[in-house]
Amino acid sequence: MTRTILIVDDDPMIRKLIATTLEDVAGYRLEEAADGAEAIERAVDVRPEIVFLDVDMPEINGIEACRRLRSDPVTAGATIVMLTGGGAQAESGALAAGADLFLTKPFSPLHLLRLVDRIGAAS
Amino acid sequence: MVIAQSIGHTRVVCVSRLDNALVGRAIEVSVSGDGENIVTLRARLDRTERQASARQRQLERYAADLREVFKQERNRAQELRSSYRATVRALSNAVEARDAYTGKHAERVTAYGIALAAAAGLDTDLVPGLEFGFLLHDVGKVAVPDAILFKPSSLDDAEFALIAQHPVIGADIVKDIDFLGEGKLVVRHHHERWDGAGYPDRLAGEQIPLAARVFAVADAFDALTTDRPYRRGTRFSRARAEIREHSGSQFDPEVVAALDTISDARFAALRDGVA
C-alpha cells in the first residue's frame, strides 16, 4: 500500500515548501489540503500515515480538524504533527486535541526530515 | 497597516506594509458599507501581512539549515579524508616496517612527489588519490620473499621476474579502493621508464600516466639522497645531476626540468617535515 503524507496549511507556499522538502525522501506519496474541511475530506480518501496540520487556518482551524480526524475511526490512526506558532499554550492545545507531535513555525526543514524518517522507521 | 476612512465617504484607503515600507504600495478599495466592512478588510490584510512575514521567517530558517548542512558536509569530508589518510599510512607503514633501512621513504617520496607533481603542472587538488598512490607504491612488495627483497648479491632472472611482479600485485591489492583513483596507476606503473624499458607493462613516453612519471623522479631523488648501509646519501645537487643524466631515457624530460624549479631549501624542508 502506498504510504501517504497529508500536508495541510492555508498558505500554498508553505505547503509547497514542505512537499518539496519531503519529495523522494522517504517514499511517501504527498497530498495537500488548504483548510480544515478539505483536510478531513482528503484524509478519508487517502488514509495518510502522517498529517502535517497547521493550527492557524480560517474556518475549521487545525485544532478542530485534529479533533475530527481523531474521532473518525478511518483517520484516527494517523500520526498527526501540528504546526504551531510556538508557546506552551499552543503546544498543550495541540496535544489536548489529540496531536502526536508538534513543530514550531518557522520549522527547521532538517527537523522535519528527521521526524518523517523516525515516524517512517517506527511504523 | 494604516487604514483611513474619510468621513461622509465610503472610501477606505489602506496602505499595506507587505514590503516593509509605507511607500511600498497603496491599495484603494471602495467599500459600500460601514464599519463592519472595514473590520473584515482589516482582518484580511492583517492576515496577509502575517502570512508574508511568516513566509520570510520560514525561508530564513531554510537558509540557516542549508548553511548548517553545508558546514557539516565540509567537516565530514575533512574527517573522511583524514581517516583515509590514516588508513593508507598504516598500510604503507606496514610495508615499510619490513625494511629498516628505507626509513620513512614512502612519506618522504610522497612529500617530494606532491611538490614535484604541482611543479610539473598536475593540479594536485584535482587528483586526491595521488598522495595515497605515492604512499602505497610498494604495497605489492609484501608478496616478495625477504630472501629476494633483501638479497645482498645480484638477482638471477627468476628472482628479478618475481621482483618485477610487485607493481602488478600491488595494483591488484588496491584495485577495489575507489578513493585511490589515479593513485592506482602510480602503484602499477611506478617502475616504467620513459624509453619503454621499464616494467611491468613496458609503457613508453606519455603512455605512462603523468603521476607515475612524476613518482619515478621523486623516487630516484629520495633514493639518491638517503643514507643506505652501503653508501651515504649524496647531496641534492649531485642527485639532480644524476637524474638529469637519465632524462629522456629513464625519466620524462619535462618532469626532470620541473625538478629544478624546486629549490634545495624546499626539498630540505619537505625532508625535515617527514623526519
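Residues numbered from 1 in each chain as written. Chains lettered and ligands numbered in written order. Predicted model: local features only at pLDDT ≥ 70, side-chain atom pairs only at ≥ 80, totals over all residues.

Engineer: Can you break down the overall build of chain B residue by residue, with the values?
Structural biologist: A count of helices and strands for chain B gives eleven helices and three strands. Counted from the first residue to the last, chain B has its helices and strands arranged as β-β-β-α-α-α-α-α-α-α-α-α-α-α. (Helix = DSSP H or I, 4+ residues; strand = E, 2+ residues; numbered from the N terminus.)

Engineer: If you had to explain the sheet that holds strand β4 (residues 79–84) of chain A to someone new, which residues and values would you point to?
Structural biologist: Residues and elements named next belong to chain A. The sheet built from five strands is open, its strands ordered β2-β1-β3-β4-β5 with parallel pairing. Across the chains shown, the open sheet's two edge strands, defined by having one partner strand only, are β2 (29–33) and β5 (101–104). If you compare each strand with its neighbour and ignore which way they point, the axes differ by 20° on average. One ladder, built from four bridges, connects β4 with β5; its direction is parallel. Residue pairing for β5: Thr84 is matched across the bridge by Thr104. Set on the sheet, helix α4 (residues 88–96) makes contact with β4 and β5; between it and β4 the angle comes to about 155°. (Pairing = 2+ DSSP bridges. Axes fitted to C-alpha atoms, helices over the stretch in contact; angles between N-to-C directions. Contact = placed C-beta atoms within 7 Å.)

Engineer: Summarise the interface of chain A and chain B; cite the residues concerned and give the values.
Structural biologist: Listed per partner, the contact involves ten residues of chain A and nine residues of chain B. For the side of chain A that touches chain B, the secondary structure elements donating two or more residues are α1 (12–22) and α5 (109–122) of chain A. Per-element accounting of the side of chain A that touches chain B gives the leading share, three residues, to α1 of chain A. In terms of residue class, the side of chain A that touches chain B is made up of seven nonpolar, one polar and two charged. (Nonpolar A, V, L, I, M, F, W, Y, C, P; charged D, E, K, R; others polar.)

Engineer: I'd love a proper account of the nonpolar core, names of residues and values included.
Structural biologist: All names here are of chain B. Leu116, Ala211, Val214, Val217 and Val255 are the most contacted members of the largest nonpolar core, which totals 42 residues. Contributing elements (two or more residues each) for this core: α1 (35–96), α2 (105–119), α3 (129–135), α7 (183–189), α8 (210–225), α9 (236–245) and α10 (253–259). Considering every element that reaches this core, the biggest residue donor is α8, with nine residues. Excluding its chain neighbours within four sequence positions, the residues that come into contact with Val217 are Leu116, Ile243, Phe251, Val255, Val256 and Leu259. (Core = buried A, V, L, I, M, F, W, Y, C linked by C-beta atoms within 7 Å. Buried ≥ 20, exposed ≤ 12 C-beta atoms within 10 Å, placed from the backbone.)

Engineer: Could you give an account of the confidence of the model for chain B, naming the residues involved and the relevant values?
Structural biologist: All names here are of chain B. Looking at chain B as a whole, its pLDDT mean stands at 85, while 83% of the residues score no less than 70. Predicted confidence is poor over residues 6–10, with pLDDT under 50, and the contacts of this stretch with residues over four places away or in other chains come to four contacts. Contacts from residues 19–30, a stretch scored under 50 in pLDDT, to residues over four places away or in other chains number 18 contacts. (pLDDT = per-residue confidence, 0-100.)

Engineer: Requested: an account of the environment of Leu17 of chain A, with residues and values cited.
Structural biologist: By secondary structure assignment, the location of Leu17 of chain A is in helix α1. By the C-beta count within 10 Å, which is 21 here, Leu17 of chain A ends up buried.

Engineer: Can you lay out unusual backbone geometry for me, pointing to particular residues and giving the numbers?
Structural biologist: Omega for the bond connecting Lys105 of chain A with Pro106 of chain A falls within 30 degrees of zero, at -5°, which places this linkage in the cis form. Residue position: Pro106 of chain A is located in the loop between β5 and α5. In the segment running from Tyr199 of chain B into Pro200 of chain B, the intervening peptide bond is cis, with an omega of 10°. Phi at Asp24 of chain A takes a positive value of approximately 60°, unusual for a residue other than glycine. Counting through the fold element by element, Asp24 of chain A comes out in the loop between α1 and β2. With 8 C-beta atoms packed within 10 Å, Asp24 of chain A lands in the exposed category. Phi is positive for Arg202 of chain B, close to 50°, though the residue is something other than glycine. Note that Arg202 of chain B resides in the loop between α7 and α8. Take Arg202 of chain B: there are 12 C-beta atoms within 10 Å of it, and that puts it in the exposed class.

Engineer: Describe in detail the pairing of strand β1 (residues 4–8) of chain A, supporting the description with residues and values.
Structural biologist: Residues and elements named next belong to chain A. With four of five residues buried, β1 lies mostly within the body of the structure. Each parallel crossover has a hand, and the one from β1 via α1 to β2 is right-handed. As paired strands, β1 and strand β3 (residues 50–54) are joined by four bridges and run parallel to one another. Note on β3: the bridge partner recorded for Ile7 is Phe52. (Right-handed = clockwise from strand over helix to strand, strands pointing away.)

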